[in-house]
Amino acid sequence: AALREGYEHFDPRAYLRNNYLPPRADFSSEEFVVPWKLRCLAETFASGEIRGRMLIDVGSGPTIYQLLSACDHFEEIVATDYLAVNREELGRWARGEPGTFDWSPFIQHVCKIEGRGEPWQNKERRLRERLRRILPIDVHRPEPLGAPLCPPADALLSAFCLEAVSPDRAAFVRALAHVGNLLRPGGHALLLGALGESFYLAGPARLPVVPLEESDVREALAAAGFALRELRSYAMPPALRTGVDDVDGVFFAHAQK
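Residues numbered from 1 in each chain as written. Predicted model: local features only at pLDDT ≥ 70, side-chain atom pairs only at ≥ 80, totals over all residues. Heavy atoms only, no water.

Under the annotation held in an unreviewed UniProt entry, the chain carries the name PNMT methyltransferase and is attributed to Helopsaltes ochotensis. What UniProt records for the chain under Sequence similarities (unreviewed entry) is the sentence "Belongs to the class I-like SAM-binding methyltransferase superfamily. NNMT/PNMT/TEMT family." (UniProt positions renumbered as here; feature names shortened; annotations may be inferred.)

If you want it as structure tokens, here you go:
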């Protein structure tokens, strides 16, 4: 209940400013956190193993960067978020409305690291075409979308959601198991998340986060019925500790149901 109340004050534009503009979104070096996240996703999707009819993105927030490499491998991408303000922000971007956040530097960078020489506008158009549904979700319910997903998704992606909406580690594990219900057996799950973070700011909202270590991520995935394929971590350098959170680092996990 306390978490729900806190998120009533969540400001998507403030969140985007805090995390997806310089200094964190600096593409001049792979040492910065946003290029690191994009490379983890690009390299994992480049294997060609993670593909299919549908990918569901759990807790999309107001962001689309996490879907840029995924959109080449799925017929449909389903974005989800608990907050209507985030779903509205995503919908405006998907419709190409003016005044939305400028994701073009992210799209250009992903095209560069994927190395296919594709005009970035093609990838932007493809993601908009494949992002067909933006749905409400509550990861604390056994059926997070309110009903079973039929057929289940071929892959699951979630970036900085579950640890930020769970009051403790036990709730984090349960939420991970709940979203796993959306995935077919053998399906892949890709997670990006915070390490050692206890809060973050989004405008007037100061939101609590479950502080996780790598060992917590490993144990939670196993408890939720996933086999870990890969786990990478990134230590947040002092220059990127800007006061909008107290994050120590970021993890990237590839697991399979």
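Read on for the rest.
What the rule picks out here adds up to 21 salt bridges. Salt-bridge contacts for Glu 114 lead to Arg 116; the nearest nitrogen and oxygen are separated by 3.2 Å. One network of salt bridges, in which partners are shared, links Asp 72, Glu 114, Arg 116, Glu 118, Lys 123 and Arg 126. (Salt bridge = Lys/Arg side-chain N within 4 Å of Asp/Glu carboxyl O.)

On to the packing of aromatic side chains. Counted under the stated rule, the structure contains 14 aromatic pairs. Pairing Phe 10 with Tyr 15 gives two aromatic rings, centres 5.5 Å apart and planes at 40°, and the pair type is tilted. The buried category is assigned to Phe 10, whose relative accessible area is 8%. Judged by relative accessible area, Tyr 15 falls into the buried class, the value being 12%. Every member of this aromatic cluster is reached through a ring pair, and the members are Tyr 7, Phe 10, Tyr 15, Tyr 20, Phe 27, Tyr 65, Phe 101, Trp 103, Phe 106 and Tyr 200. The side chain of Arg 128 reaches across the aromatic face of Trp 93, ending 4.4 Å from its centre. Positioned above the aromatic ring of Phe 199, the side-chain terminus of Arg 206 is 3.8 Å from the ring centre. (Phe/Tyr/Trp six-rings, centres within 6.5 Å; stacked < 30°, edge-to-face > 60°. Buried < 20%, exposed > 50% of the residue type's maximum accessible area, 1.4 Å probe, protein only. Lys NZ or Arg CZ within 6 Å of the ring centre and 35° of its normal.)

As a further point, take the UniProt feature "binding site: S-adenosyl-L-methionine" (unreviewed entry) in the chain. If you check UniProt for "binding site: S-adenosyl-L-methionine" (unreviewed entry), the listed places come out as Tyr 15, Tyr 20, Gly 59, Ser 60, Tyr 65, Asp 81, Asn 86, Asp 138 and Val 139 in our numbering. Taken together, the annotated residues stretch across 125 residues and extend over separate regions, lying up to 24.6 Å apart by C-alpha. Summarising the element assignment, Tyr 15 is placed in helix α2 (residues 12–20). In contact with Tyr 15, not counting residues within four places along its chain, are Phe 10, Tyr 20, Pro 62, Thr 63, Phe 160, Tyr 200 and Ala 202. If we skip the residues at most four places from it in the chain, Gly 59 touches Thr 80, Asp 81, Ile 137, Ala 159 and Cys 161. (Helix = DSSP H or I, 4+ residues; strand = E, 2+ residues; numbered from the N terminus. Contact = heavy atoms within 4.5 Å.)

A word on the packing of helix α5 (residues 104–114) against helix α6 (residues 120–130). The N-to-C vectors of α5 and α6 enclose an angle of 110°; their axes lie 9 Å apart at closest approach. As the angle between them shows, α5 and α6 are arranged roughly perpendicular. As α5 runs across α6, the sense of the crossing is right-handed. Contact residues: α5 offers Ser 104, Ile 107, Gln 108, Val 110, Cys 111 and Glu 114, while α6 offers Trp 120, Lys 123 and Glu 124. Looking at the contact of α5 with α6, its residues break down into four nonpolar, two polar and three charged. (Axes fitted to C-alpha atoms, helices over the stretch in contact; angles between N-to-C directions. Parallel < 35°, antiparallel > 145°, perpendicular 65-115°, else oblique. Left-handed = near helix turned anticlockwise from the far one by under 90°. Nonpolar A, V, L, I, M, F, W, Y, C, P; charged D, E, K, R; others polar.)

With that out of the way, let us pick up the sheet that holds strand β1 (residues 52–58). In a beta sheet, neighbouring strands pair by backbone hydrogen bonds and run either parallel or antiparallel. Reading across from one edge, β3-β2-β1-β4-β5-β9-β8 is the order of the seven strands in this open sheet, with mixed pairing throughout. Sheet topology places β3 (131–136) and β8 (227–235) at the edges, where each strand pairs with a single neighbour. If you compare each strand with its neighbour and ignore which way they point, the axes differ by 15° on average. Sheet topology note: the strand β2 (residues 74–81)/β3 ladder contains five bridges and is parallel. (Pairing = 2+ DSSP bridges.)

Mapped onto the elements, Thr 100 comes out in the loop between α4 (84–94) and α5. Taking relative accessible area as the criterion, Thr 100 reaches 19% and is therefore assigned buried. If sequence neighbours within four positions are ignored, Thr 100 has contacts with Arg 13, Arg 92 and Trp 93.

Moving on: unusual backbone geometry. In this structure, Pro 23 follows Pro 22 across a cis peptide bond, with omega equal to 10°. In this structure, Pro 151 follows Cys 150 across a cis peptide bond, with omega equal to -15°. Residue placement: Pro 151 occurs in the loop between β3 and β4 (153–159). Backbone geometry at Phe 160 places phi at a positive 55°, although glycine is not the residue there. Tracing the backbone through its elements, the reader meets Phe 160 in the loop between β4 and α7 (169–180). A residue is classified by how much of its surface remains accessible, and Phe 160, at 19% relative accessible area, is buried.

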